[in-house]
Amino acid sequence: MTPMRTIRRRVAPTALALSTLLVVAACGGSGGSASGGASGGSSSNILADYAKTPAADVKDGGTVRLPIGTFGPDWNLNSNNGNSSDTQAMLYPVNMAGCWTAAENGTPVLNKDFCTSVKDDVSGGKQTITIDVNPKATWNDGTPIDVDTFVNQWKIFNDPAYESVITKPYDDIASVTAGTSDKQVVITTKQVYEPYQDFFSVLVSQKVDTPDIFNKGFVDNPHPEWMAGPFTIKQLDNSAKTLVEVPNPKWWGTKPKLSQIVWTQYEESASIPAFKNGQLDAVGVSTSTRLAQVKGMQGIDIRKGKTVGVFGFIMNTQSPDVSDVAVRKAIYQTLDRKALSAVEFQGTGYSEQPPGSWMLMSVSEGYQDNYPVKDSDPAGATATLQAAGYTKDSKGIFAKDGKEVAVPLTNYGDDPVTLAFIKAAVQQLGKAGFAATIDQHSAQDFNKVFTSGDYAISFSGYGMGGYVDTQPQQYYNSTGDSNYTHCGTTAIDQRIASLNQQTDAATLTKDANGIEADWQKACYAFLPILNGPQFTAVKSDLVNYGSSLFLTPDWTVIGYKK
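Analysis parameters
- Position numbers for residues start from 1 in each chain and track the written sequence from start to end.
- Only residues with pLDDT of at least 70 are given local features in this predicted model, and only at 80 or more are side-chain atom pairs given and counted; all residues enter the totals for whole chains, interfaces and linings.
- The basis for every side-chain value is the complete set of non-hydrogen atoms in the structure, without hydrogens or water.
- Note on pairing: DSSP must find at least two bridges between two strands before they are called paired.
- Helix numbering and strand numbering both begin at the N terminus, where a helix is a DSSP run of H or I of at least 4 residues and a strand a DSSP run of E of at least 2.
- Residues belong to one nonpolar core when they are buried, are Ala, Val, Leu, Ile, Met, Phe, Trp, Tyr or Cys, and are joined through side-chain atoms within 4.5 Å.
- Throughout, exposure labels follow a simple rule: accessible area from a 1.4 Å probe, protein chains only, divided by the maximum for the residue type, with under 20% read as buried, over 50% as exposed, and the rest as partly exposed.
- Disulfides are defined as cysteine sulfur pairs within 2.5 Å.
- In this analysis an axis means a line fitted to C-alpha atoms, helices contributing only their contacting stretch, and an angle means the value between N-to-C directions, from 0 to 180 degrees.
- By definition, residues are in contact when any of their heavy atoms lie within 4.5 Å.
- Our arc is simply the arc of the directions from the helix axis toward the C-beta atoms.

A. Spotlight on the sheet that holds strand β17 (residues 398–400). Ordered by their spatial adjacency, three strands build an open sheet running β16-β17-β18, and the pairing between neighbours is antiparallel. For this open sheet the edge positions go to β16 (391–392) and β18 (403–404), each flanked by a neighbour on one side alone. Where β16 and β17 come together, two bridges link them in antiparallel fashion. Of the residues in β17, the one forming a bridge with lysine 392 is phenylalanine 398.

If you want it as structure tokens, here you go:
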């Protein structure tokens, strides 16, 4: 169901289309929330809240105006440079192409707009997956979605010339052929691969057939002609950073209720005033300062749930500042994650235990706390650094060979609560003997900074699915382009390579937890701190929209109540 995790900025509450891919983001608070339960309270026990409403009770027409933190420039969500949650949120209404969506609990659901049936047969240590493609499924340029689509995509994700986010599970495919017609696709694997829903959960047009198109062709151009969904792009203004989407006349599925979706890039400080002035119809309010700014507003709901993601410090081990594993381990030991989370959650009524995994949330089956050291252990950090040959200089900073241990923490956007969180981390590290500083960037700079590797420690996060699939491959494979820490071991790589041959989900999850736990002890480079709340201020009559846990947003029913 979910072939890649997508990078995310913290607090950006734009709900992820987690059935299409799993994405990365920085930390900020400007986003809205695009998803399709019931209204709830402020406790961390509330998981979903999106004013679920039958389509018959939703008006035809209307515009929804939403903020976004980062805007392009690369609109290829499957590429390393385009892989972000904001891009995913904007493009999902216009490109829902894929064989799977997700239920609220994360289980995969067949997306019959594109794939009407699937048969999975395991025999003789190999697997045959037969997919019947919807006869009506067609790209906007008129090209059929058929076996050629699947063959081309298989080749793309196996060719290193294409700068794709991940190759799993496509490198496990032995062949992709037509069945009884070009609208039936037969996938034969080299070995058993589970969960098989990872195959073709997103679809890529066969017109994207050269490395040049894939790697560079989507810069400042989303190519809506190569997409398929209930909406299409009417206008893209790269200068004003605005994207306008309207119903797609070529869409064969359920027609959407809204007449227009408008996405506009905002810095965190500007999005709340825009919402209060009536320029936006929803805005993220996952911090106390943002909640306070909308308090007392009439005609709005505060829809509360749990963020489907994990956030913390991602360390680039190729950076000289954190290339020493002893330094990274000492950072783990120093930080008081509960105290840092308290800064983020203060005034929200939300609380949680610090997460111990980048793969699963604590509400998911099979979750295990794989945090490798004792929390808030400055004495342990000191012992770790001293054992590695570091001593404190006259300023009380640990140093080795005349060089102080510098710890620049990269933050994105101007959300004051997130900045307070970063300052608290700097203070904790400073007291322990690190030369900690803040490397500040705008929200718009996130994609550029993160994907270029121009950071030592980035406060960022990843979206999550409801079960283990390709996370170990994306995060922990030492040679993978999507492992932004650039750390791993040959032994762990070998375990990852055989992980998805497990046909029993419980065994697969157990083995994945073992991989994560051992990788953390070897690398100390993905430091999880929080999942956090997903709170969204929404116009009261805007329904099927808010916080929906793992549920794939259904843009055909998002709209205004009759």
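B. Here's a closer look at the nonpolar core. Phe313, Ile331 and Phe434 are the most contacted members of the largest nonpolar core, which has 80 residues in total. The element best represented in this core is helix α9 (residues 416–431), accounting for six residues. Judged by nonpolar contacts, the second largest core, of 61 residues, contains Phe114, Phe200, Ile233 and Tyr545.

C. Representation of the state of the cysteines in the model. Applying the stated criterion to the full structure yields two disulfides. Through a disulfide, cysteine 487 is tied to cysteine 523; the S-S separation comes to 2.1 Å. Residues cysteine 487 and cysteine 523 are joined through a disulfide that is left-handed, its torsion about the S-S bond being -90°. Of this pair, cysteine 487 sits in the loop between α11 (471–476) and α12 (490–499) while cysteine 523 sits in helix α13 (residues 505–523), and the two are 36 residues apart along the sequence. Cysteine 487 gets classed as buried once you look at its relative accessible area, which sits at 10%.

D. Fine view of the sheet that holds strand β23 (residues 533–539). Strand order in this open sheet of three strands is β13-β23-β14, and the pairing throughout is antiparallel. Of all the strands in the sheet, the pair left with one neighbour each is β13 (282–284) and β14 (300–306). Strand-to-strand twist across the sheet, computed as the mean angle between neighbouring axes with direction ignored, equals 20°. Helix α4 (residues 268–276) rests against β13, β14 and β23 of the sheet, and its axis sits at about 150° to β13.

E. Expanded view of helix α8 (residues 378–387). Listed in full, the buried residues belonging to α8 are Gly380, Ala381, Thr384 and Leu385. The buried residues of α8 occupy one face: seen down the axis, they fall within an arc of 135°. The outward face of α8, more than 90 degrees from its buried face, is lined by the exposed residues Ala379, Gln386 and Ala387. Considering only its buried residues, α8 is in contact with α6 (325–334) and β17. Looking one or two places after α8, you find glycine 389, whose phi comes out positive at around 95°.

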